[in-house]
Amino acid sequence: VIYPPTIYPVYHKNIPIRILNTFNPEAPGTYISREKEKPTGKALIKGISSINDTCLITVQGLGMVGVIGVNYRIFKTLAKNGISVFLVAQASSENNTTFAVRNADADLAVQVLDEEFAMERAQGDMNDTIAEKDLATVAIVGENMKHTPGIAGKLFGTLGRAGISVKACTQGASETNISFVIRKEYLRKALNSIHDSFFLSEYKVLNLFVVGIGTVGSNLLEQIRIQQPKLMLQSGLKLNIVGIANSKKALFCRDGIQLDNYKQELHEKGIDSNPTKLCNHILDMNIFNAVFVDCTASPEVAALYRKLMDGNVSVVAANKEAASSAYDKYQLLKETARHRDIKFLFETNVGAGLPIINTMNDLINSGDHILKLEAVLSGTLNFIFNTVSADIPLSKAIRMAKEAGYSEPDPRIDLSGKDVIRKLVILAREAGYRVEQSDVKKNLFVPEKYFKGSLEDFWKHISELDADFEKERKEIEAKNMRLRFVAKMENGECEVGLKAVDSHHPFFDLEGSNNIIMISTERYHEYPMIIKGYGAGAGVTAAGVFADIISIANI
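This section reports on the structure supplied with the text. This is a predicted model, so every value here is computed, not measured.

Conventions adopted
- Residues numbered from 1 in each chain as written.
- Predicted model: local features only at pLDDT ≥ 70, side-chain atom pairs only at ≥ 80, totals over all residues.
- Heavy atoms only, no water.
- Helix = DSSP H or I, 4+ residues; strand = E, 2+ residues; numbered from the N terminus.
- Buried < 20%, exposed > 50% of the residue type's maximum accessible area, 1.4 Å probe, protein only.
- Contact = heavy atoms within 4.5 Å.
- Expected span 1.5 Å × (residues − 1).
- Phe/Tyr/Trp six-rings, centres within 6.5 Å; stacked < 30°, edge-to-face > 60°.
- Lys NZ or Arg CZ within 6 Å of the ring centre and 35° of its normal.
- Pairing = 2+ DSSP bridges.
- Axes fitted to C-alpha atoms, helices over the stretch in contact; angles between N-to-C directions.
- Core = buried A, V, L, I, M, F, W, Y, C linked by side-chain atoms within 4.5 Å.
- Domains from an automatic or database assignment.
- Parallel < 35°, antiparallel > 145°, perpendicular 65-115°, else oblique.
- Left-handed = near helix turned anticlockwise from the far one by under 90°.

So, the environment of Ala168
Step number 1: Following the sequence through the fold, Ala168 ends up in strand 7 (residues 168-171).
Step number 2: Residue Ala168 is classed as buried on the basis of its relative accessible area, which comes to 9%.
Step number 3: On a C-alpha basis, the gap between Ala168 and Tyr3 in space is 26 Å, while along the polypeptide they are 165 residues apart.
Step number 4: Residues in contact with Ala168, not counting those within four places in the same chain, are Leu56, Ala89, Ser179, Phe180 and Val181.

The following block contains the structure:
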């Protein structure tokens, strides 16, 4: 901090000043002079300063409107009592004046102002003086701010996206300083957000909380670890992993968790956690550019999204629970994201890493209307139907899908069509239709009785279906057709079920665990748009989650 009177002599003599760091005297330091710096395309603001000891005093009342001398009396009274004011804000309505003082001066300021305006208060012309303590003042400064439209808009937009409410603000006519007052607890978040938004930091930063470190989560963290240096070097993006959690423990570090040995560190240094504790800790960290990444399948974790979004935390979900839950809950999350100017992304809920939802959104946003969807959305079921043969019965193909990591730990979730139904519901909603899971018609190939009882019972009895299924498969094969589990939506009507397709159908040659979707729209009517590729597997799902994270960075 430079004490102004020490600068007066050199300032009036136009003598440049160089400020050096006591702890690093060899550094070039800061050079101050009257010479105007030539534009270099660098940041519009030069720096940020803050005062974390702020109290806002408000003098208000309808009796102030149009009355000359009210502000004179306010500041004369303050000066008489040795109270320094460092920020003043007054609305054009003239019915209130707000100013900032140190917290230590607040009580005295209220007392002397109430005494000064005692008569007006008694008559009802003025209200009691109000003091709001424990605030902070932030100022952005810079010569390049002059005559540059949009600086204030960008500043307050940045604060809004960070969930920071501005209590008072002021800007001088010189246009080189904008000062504002916020709650003290948001000071650190505000400074970091402004640094990031105005490119004062070397990198744009995303602070990630990754929950779930199973196959998808661990693959995602490994992909991030490998890609971090390249993103910093080529794109100026720093992915900072500030939280990692599994079902029992959570590890937090504001400065970032190293991904070389995070599992051991989580085991040794992690704190006991559950969904409620996890949510509260994330919000208590109050960190800027925060993204919650859900790589679980937990309904309890999905239930946290609304509270996190209300705290201006973006959500990227591989978890299908939220987007496929009751329509009103799904819509509320979408509206909350829009209202808070944050992101709620769940591309991998359908088709793993395939760009299905983003493509549909692009079509709709450009004025197209989706009329019909036909898709094979279960990589697990497609793997099973491509694997079943005269040598490999249905029961063995199901076990192979589980061992290959394509199915859920309990494959009945896939065989029941529940996973496909949830995906179809999500797609129908993204296409603009109000659909619930209960609205979807089902034509399943595994009888209901096999979904009851324990998982052990399922494995014990599933082979009972092998003979009948093989008979049906041979009949279909003789017709040069293949079985596919197809999800269909047409004008909001949804159904899923087993379907035999001939060799001319786009689904016929679908290999392995691949997914495919045909999108019929007003523009793509005669020849539907087709998206096809890997639809299952931890690696491609993690890559899809990673792509959603990168899209938030907008690089």
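Some details on helix 12 (residues 327-340)
Step number 1: Taking 1.5 Å as the rise per residue, helix 12 with 14 residues should run 20 Å; its terminal C-alpha atoms sit 20 Å apart, in good agreement.
Step number 2: Taken as a whole, helix 12 has its buried residues at Tyr327, Tyr330, Leu333, Lys334, Thr336 and Ala337.
Step number 3: Elements that come into contact with the buried residues of helix 12 comprise helix 11 (305-310), strand 15 (344-345) and helix 17 (418-430).

So, the packing of aromatic side chains
Aromatic rings in a pair are described by how distant their centres are and how their planes are angled relative to each other.
Step number 1: Tallied over the full model, the rule gives 12 aromatic pairs.
Step number 2: Centre to centre, the rings of Phe445 and Phe469 are 6.2 Å apart; their planes meet at 50°, and the pair counts as tilted. Note that Phe445 is positioned in the loop between strand 17 (441-443) and helix 18 (455-461) and Phe469 in helix 19 (residues 466-478), a separation of 24 residues in sequence.
Step number 3: Pairwise contacts between aromatic rings join Phe292, Tyr305, Phe344 and Phe346 into one cluster.
Step number 4: Directly above the ring of Tyr330 sits Arg429, whose terminal nitrogen or CZ lies 5.2 Å from the centroid.

Things to note about the pairing of strand 7
Side-chain direction in a regular strand flips from residue to residue, so the side chains alternate between the two faces of the sheet.
Step number 1: Looking at chain direction, strand 7 and strand 8 (residues 177-183) are connected through 4 bridges and run antiparallel. Bridge pairing links Gln171 to Ile178 in strand 8.
Step number 2: What sits between strand 7 and strand 8 in their antiparallel hairpin is a turn of 5 residues, with Glu175 showing a positive phi close to 65°.

Observations regarding the sheet that holds strand 17
Step number 1: Strand order across the open sheet formed by 6 strands is 17-19-18-16-20-21, with mixed pairing between neighbours. The sheet is open, and its two borders are formed by strand 17 and strand 21 (529-534), each paired with just one other strand. The sheet shows a mean angle of 20° between the axes of neighbouring strands, taken without regard to direction.
Step number 2: Direction of pairing for strand 18 (residues 481-490) relative to strand 19 (residues 493-502): antiparallel, over a ladder of 10 bridges.

Structural notes on the pairing of strand 4 (residues 87-90)
Step number 1: Here strand 4 shows a buried face lined by Leu87 and Ala89 and an unburied face lined by Val88 and Gln90.
Step number 2: The sheet contact formed by strand 4 and strand 5 (residues 96-101) spans 4 bridges and is antiparallel. Within the sheet, the bridge partner assigned to Val88 lies in strand 5 and is Phe99.
Step number 3: In sequence, strand 4 turns back onto strand 5 through a hairpin of 5 residues, with Glu94 there showing a positive phi of about 65°.

Quick word on the sheet that holds strand 6 (residues 130-141)
Step number 1: Ordered by their spatial adjacency, 6 strands build an open sheet running 4-5-3-6-8-7, and the pairing between neighbours is antiparallel. Of all strands in the sheet, those with a lone pairing partner are strand 4 and strand 7, marking the two edges. Neighbour-to-neighbour, the strand axes of this sheet turn through a mean angle of 30°, independent of strand direction.
Step number 2: Bridge analysis of strand 3 (residues 47-60) against strand 5 gives 6 bridges, and the strand direction is antiparallel. The partner of Gln60 across the bridge, within strand 5, is Asn96.
Step number 3: The strands touched by helix 3 (residues 103-116) are strand 3, strand 5 and strand 6; relative to strand 3, the strand with the most contacts, the crossing angle is about 20°.

Observations regarding helix 6 (residues 187-197)
Step number 1: The complete set of buried residues in helix 6 reads Leu187, Lys189, Ala190, Ser193, Ile194, Asp196 and Ser197.
Step number 2: Looking at the buried side of helix 6, the elements it contacts are strand 3, strand 6, helix 5 (151-161), strand 8 and strand 9 (204-211).

Quick notes on unusual backbone geometry
Step number 1: Even without a glycine there, the phi angle at Asn480 is positive, about 60°.
Step number 2: Note on placement: Asn480 falls in the loop between helix 19 and strand 18.
Step number 3: Taking the relative accessible area as the measure of exposure, Asn480 reaches 45% and is therefore partly exposed.

Here we look at the nonpolar core
Step number 1: Judged by nonpolar contacts, the single largest core of 84 residues is most densely connected at Phe292 and Ile384.
Step number 2: In terms of residues, this core owes the most to one element, helix 17, which gives 7 residues.
Step number 3: A domain split of this core shows at least three residues from each of domain 3 (204-351 + 543-553) and domain 4 (370-536).
Step number 4: Look past the residues within four positions of Phe292 in its chain and what remains in contact with it is Phe209, Val211, Leu278, Ile282, Val301, Tyr305, Leu308, Val313, Ser314, Val315 and Val316.
Step number 5: If you look at the next biggest cluster of nonpolar residues, it comprises 30 residues, including Leu251, Val293, Val316 and Val545.

What to know about the packing of helix 14 (residues 379-387) against helix 15 (residues 394-403)
Step number 1: Packing of helix 14 against helix 15 brings their axes to within 9 Å, and their N-to-C directions diverge by 135°. The orientation of helix 14 relative to helix 15 falls into the category oblique. Crossing handedness for the pair helix 14 and helix 15: right-handed. Residues Thr380, Phe383, Ile384 and Thr387 of helix 14 pack against Leu394, Ala397, Ile398, Met400 and Ala401 of helix 15.

Regarding the environment of Ser438
Step number 1: By the element assignment, Ser438 lies in the loop between helix 17 and strand 17.
Step number 2: Residue class for Ser438 comes out exposed when judged on its relative accessible area of 68%.
Step number 3: Along the backbone, Ser438 and Val425 are 13 residues apart, and their C-alpha atoms lie at a distance of 9.6 Å.

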